Amino acid sequence: NLLLKNFFTFVSIFMGDDKVSEYKKDYVLTGLRYGEIKKELAKAIFDVLGPIQERRALLTDDYVKDVINSGAQKADKVAKVALQEVKDKMGFSI
């Protein structure tokens, strides 16, 4: 079953291979239902992604613009030096 295989891939990523083995065993032996595992998986995903979402919320538009502008200024300086070196080597310098 492709759906179950994909589901267990997510369990492996967010909960570990030991949990996959445990769930597969329970699924075969006791008929553990997909819905029961899904709730636990959702919590595990939230636990992993929650701190990332919190960190993202702290990044204001102004901060992101400042980082982009700073990077652009640094890249511009490097590019000007590189362009001048190329011009010098090609004999286009004034």
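Residues numbered from 1 in each chain as written. Predicted model: local features only at pLDDT ≥ 70, side-chain atom pairs only at ≥ 80, totals over all residues. Heavy atoms only, no water.

Draft legend 1. Representation of the overall build of the protein within the structure. Each helix and strand counted, the protein has four helices and zero strands in total. Across the protein, helices and strands are ordered from the amino to the carboxyl terminus as α-α-α-α. In terms of C-alpha radius of gyration, the protein reaches 26 Å, well past the compact-globule figure of 12 Å for 94 residues. Split into buried and exposed, the 94 residues of the protein put 12% on the buried side. Taking as baseline every contact in the protein between residues at least 6 positions apart, the subset at least 24 positions apart corresponds to 45%. For the protein, the accessible surface area stands at approximately 8000 Å², while carbon and sulfur atoms represent 60% of it. Placing the 16 positive and 14 negative side-chain charges of the protein at their respective mean positions leaves the two points 3 Å apart. (Helix = DSSP H or I, 4+ residues; strand = E, 2+ residues; numbered from the N terminus. Rg over C-alpha atoms; globule rule 2.2 N^0.38 Å. Buried < 20%, exposed > 50% of the residue type's maximum accessible area, 1.4 Å probe, protein only. Contact = heavy atoms within 4.5 Å. Areas by Shrake-Rupley, 256 points an atom, 1.4 Å probe, with all protein chains shown as cover. Lys, Arg positive; Asp, Glu negative; His and termini not counted. Charge placed at Lys NZ, Arg CZ, Asp CG, Glu CD.)

Draft legend 2. Broad picture of the pattern of salt bridges. In the structure shown here, the tally under the stated rule is three salt bridges. When the shortest N-O distance is used, the salt bridge between K43 and D47 registers 2.8 Å. Placement of both K43 and D47 in helix α3 (residues 34–58) is noted, with a separation of four residues, approximately one turn of the helix. By relative accessible area, K43 is classed as exposed at 53%. Here D76 makes a salt bridge to K80, at a shortest N to O gap of 3.3 Å. Placement of both D76 and K80 in helix α4 (residues 61–90) is noted, with a separation of four residues, approximately one turn of the helix. (Salt bridge = Lys/Arg side-chain N within 4 Å of Asp/Glu carboxyl O.)

Draft legend 3. Looking closely at the packing of aromatic side chains. What the rule picks out here adds up to one aromatic pair. Above the ring of F8, the side-chain terminus of K24 is found at 5.4 Å from the ring centroid. (Phe/Tyr/Trp six-rings, centres within 6.5 Å; stacked < 30°, edge-to-face > 60°. Lys NZ or Arg CZ within 6 Å of the ring centre and 35° of its normal.)

Draft legend 4. Region of interest: the environment of G35. Mapped onto the secondary structure, G35 falls in helix α3. Note on G35: relative accessible area 34%, which makes it partly exposed. Placed 32 residues apart in sequence, G35 and L3 show a C-alpha to C-alpha distance of 13 Å.

Draft legend 5. Structural detail: the nonpolar core. Core analysis: the largest hydrophobic core is formed by nine residues, namely L4, F7, F8, V11, V20, Y23, L32, I37 and L41. Going through the elements one at a time, α1 (2–15), α2 (17–30) and α3 are the ones with two or more residues in this core. The element contributing the most residues to this core is α1, with four residues. Residue contacts for L41: discarding those within four places in its chain leaves F7, F10, V11, F14 and M15. (Core = buried A, V, L, I, M, F, W, Y, C linked by side-chain atoms within 4.5 Å.)

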